[in-house]
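Read off the chains here:
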Amino acid sequence: MQIYLPIAEVSVNAFLLLGLGGIVGILSGMFGVGGGFLMTPLLFFIGIPPAVAVATEANQIVASSFSGVLAHLKRKTVDLKMGTVLLIGGLVGAALGVLLFNFLKALGQVELLVKLSYVVFLGVVGGLMFIESVNAIRRSRNAGAATVPRRRQRNWVHSLPFKMRFRASGLYISVIPPLLIGLSVGVLAAIMGVGGGFIMVPAMIYLLGMPTKVVVGTSLFQIIFVTAFTTMLHATTNYTVDMALAVLLLIGGVIGAQIGTRIGVHMKAEQLRVLLAMMVLVVCAKLALELLLQPAELYSLGAAGGH
Amino acid sequence: MRKFLVVLDDSRECLNAMRFAAMRAAKTGGGVEVLAVIPPEEFNHWIGVGDLMREEARERIEAHFEVFAKWMRDKQNVDPKLVIREGDPMTEILAQIRDDSAIGVLVLGAGVDKKGPGPLVTELTRSSGSLSIPITIVPGDMSRERLEAIT
C-alpha cells in the first residue's frame, strides 16, 4: 500500500513504515536502548530526506518517552530540580542546533551534516557497545566474579563555582556541568533527532555522580521537553515534520516495544547485544560508504534551495 | 525450621508484613526470610551502567534490610535472612517459594490506598489457588499493639 508522505515528498509503502517502526520498537524494548539512533538512519535508507527524518524522529521520541516519564514521576524517581537545569541547557542547545541546521540547510549541506554526525556517532556508540558486550560474554564464560568499578566520589566537577543543592540526588554541585550536558544533548536532538539518553545517562552517573535510581527518570524528563521543543522549532522554521510518517512509525514502535519488552524479560539478551552492536556498525559503514562512493546520480534536484 | 517469607520493597505496607512475620516467627520458633526483587531496568544501553544500577539497587536493599533486621534481632530475637533476586517481582516470588522448601507462609502487606491492596497482593491472590503454601495478608494500617495481640 503506497502512501504519499506530504512533507517528505516521497511515496513509500505504509506497511514498510509500520514494519520499520515495529522492528526498531522490538529492538529498543528488548535491549532497553533508545530507538532514535536506530530509526533515523533506517529512514535515510528508505529514501526519506535526512532533514525530514531527523525532525520527525524527534517528534516520535516525545510520544514514546511520555509514558516512561509518567511512570517515573509516579515512582518519584525524577530529580525535578536537576531535570530543570538539564532542560534549560537542553533548550538552549536545541535552539543552537536548529540554527546550525537551518544555516547549513540554506547552504544545501544539511544532508552531509546529519549523515556525518551519524557516521561518527554510530561508529563510536556501536564500537563501544561491541567492546562492552564482547567483554561481558568473555566474563560470563570465565564465570569470574564480576567487579563493578566504583566511580570516583569526587572529581573536577566538585571544584566548579555556582553550586546548587539537588536534594533528590543528594548532590551539592555546580550547575555548569549539568547545563553543559543538557546543552550537548540538546544540540544532538536538533541535529540528529535522537533523545540522547545513551550519552546523558552515563554522563549523569559518572560526571555528576547522580544516584542511578533517579538517573533514568530525570533524563527522560529532560528528553521529552527537549525533543518536543526541537520538533516545534523544526516544524515552524523548516517545515520538516511529517505527521503521516510520525504516526505510522509510532504505531509500529509502540506495538514493537511491547513485544520487545516481553522478549527481553524472558531471555538474557546479553549474547544478542553483540548482534545489535554489529548492526549499528553495519548501518554506520553503509552510511559512510554512501558518503564516500560516487553516487549513481551525480546531480540531484532537491531541497538544496537558496541559489 | 519453617520460614516466613516477606517481600521487601519501597511500599509502606511491607512494614506491617515485616512486623507480623517477625512476631509470628518469634512466637512459633520459625525463621524469617526477606525477599527483595530488583526489577529489570528499562535503560540498558550500556552494560557498565546497568551493572552499576544493579549494584546500587543491591546496596540500597541491604541498607533497608539492615533496619528491619536489627529490629528483629533486638526485639524479636529472630535472625532474618536476606535474599535478593533479579527480574519480575511476581515470577521471582513464586520461584523463591519453589526453590526454598523451608518456606511455610508467604506474608504480604496490603496497602491502605483506595485503589486496592497493591499489585503484589492483587496478582498473588488471583493465583493463590495454585500456590504450594498459604498466604497471609496483613493490613497496612493495623496498629502495632493490635498486631502484637493477635500474634
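Anything mentioned here points back to the structure above.
Okay, so let's go over this structure. (Residues numbered from 1 in each chain as written. Chains lettered and ligands numbered in written order. Predicted model: local features only at pLDDT ≥ 70, side-chain atom pairs only at ≥ 80, totals over all residues. Heavy atoms only, no water.)

**Concerning the pairing of strand 3 (residues 163-166) of chain A**
Residue and element names in this part refer to chain A.
Consideration 1: Examined bridge by bridge, strand 3 and strand 4 (residues 171-174) share 4 bridges and lie antiparallel to one another. Within strand 4, the position partnered with M164 by the bridge is I173.
Consideration 2: Between strand 3 and strand 4, which pair antiparallel and follow one another directly, the connecting turn spans 4 residues, one of which, G170, has a positive phi of 65 degrees. (Pairing = 2+ DSSP bridges. Helix = DSSP H or I, 4+ residues; strand = E, 2+ residues; numbered from the N terminus.)

**Structural notes on the interface of chain B and chain A**
Consideration 1: Listed by partner, the interface residues are 17 residues for chain B and 29 residues for chain A.
Consideration 2: Between chain B and chain A, roughly 2200 Å² of surface is buried when both sides are summed, and carbon and sulfur atoms account for 59% of that area.
Consideration 3: Where chain B packs against chain A, one counts 2 salt bridges.
Consideration 4: Across the pair K213(A) and D10(B) runs a salt bridge, and its minimum N-O distance is 3.7 Å.
Consideration 5: The interface formed by chain B and chain A includes 6 residue pairs in polar contact (both at pLDDT 80 or more). (Contact = heavy atoms within 4.5 Å. Buried area = accessible area lost by both parts, 1.4 Å probe. Salt bridge = Lys/Arg side-chain N within 4 Å of Asp/Glu carboxyl O. Polar contact = N/O pair within 3.5 Å; in protein donor to acceptor, adjacent residues only side chain to side chain.)

**Quick notes on a nonpolar patch on the surface**
All names here are of chain A.
Consideration 1: Judged by side-chain polarity, I88, V92, L96, L99 and L179 come together as a nonpolar surface patch covering roughly 430 Å² of accessible area.
Consideration 2: Looking at the nonpolar patch element by element, the count peaks at 4 residues for helix 4 (residues 80-107).
Consideration 3: Following the sequence through the fold, L96 ends up in helix 4.
Consideration 4: On the basis of relative accessibility, which here comes to 45%, the residue L96 falls in the partly exposed class. (Patch = residues over 30% accessible without salt bridge, like charges linked within 9 Å, V, L, I, M, F, W, Y side chains within 5 Å. Areas by Shrake-Rupley, 256 points an atom, 1.4 Å probe, with all protein chains shown as cover. Buried < 20%, exposed > 50% of the residue type's maximum accessible area, 1.4 Å probe, protein only.)

**Section: the side chain of E33(B)**
All names here are of chain B.
Consideration 1: Among the secondary structure elements, E33 is positioned in strand 2 (residues 31-38).
Consideration 2: Classification of E33 by relative accessible area gives buried; the value is 0%.
Consideration 3: For E33, the contacting residues outside a window of four places in its chain are K3, F4, L5, V6, K81, V83, Q96, D100 and I103.

**Here we look at empty space enclosed by the protein**
Residue and element names in this part refer to chain A.
Consideration 1: All told, the structure shown has 2 cavities of 30 Å³ or more when counted by the stated rule.
Consideration 2: Its volume calculated, the second largest cavity comes out at about 30 Å³.
Consideration 3: For the lining of the second largest cavity, the element with the highest residue contribution is helix 5 (residues 110-142), accounting for 4 residues.
Consideration 4: Of the residues contributing to the lining of the second largest cavity, the split by class is 7 nonpolar, no polar and no charged. (1 Å grid on protein atoms, 1.4 Å probe; cavity = no way out; pocket = protein on both sides within 12 Å on 5 of 7 lines; lining within 4 Å. Points joined across faces, edges and corners; volume = space filled by probe spheres on them. Nonpolar A, V, L, I, M, F, W, Y, C, P; charged D, E, K, R; others polar.)

**As for the sheet that holds strand 2 of chain B**
All names here are of chain B.
Consideration 1: Strands sit in the order 3-2-1-4-5 across an open sheet of 5 strands; the sheet is parallel. One side of each edge strand has no neighbouring strand; the edge strands of this open sheet are strand 3 (81-86) and strand 5 (135-139). Neighbouring strand axes in the sheet, compared pairwise and without regard to direction, differ in orientation by 30 degrees on average.
Consideration 2: As paired elements, strand 4 (residues 103-110) and strand 5 share 5 bridges and run parallel to each other. Residue pairing across strands places A110 opposite P139, the latter belonging to strand 5.
Consideration 3: Contacts from helix 2 (residues 47-76) reach strand 1 (3-8), strand 2 and strand 3, with the element oriented near 155 degrees to strand 3. (Axes fitted to C-alpha atoms, helices over the stretch in contact; angles between N-to-C directions.)

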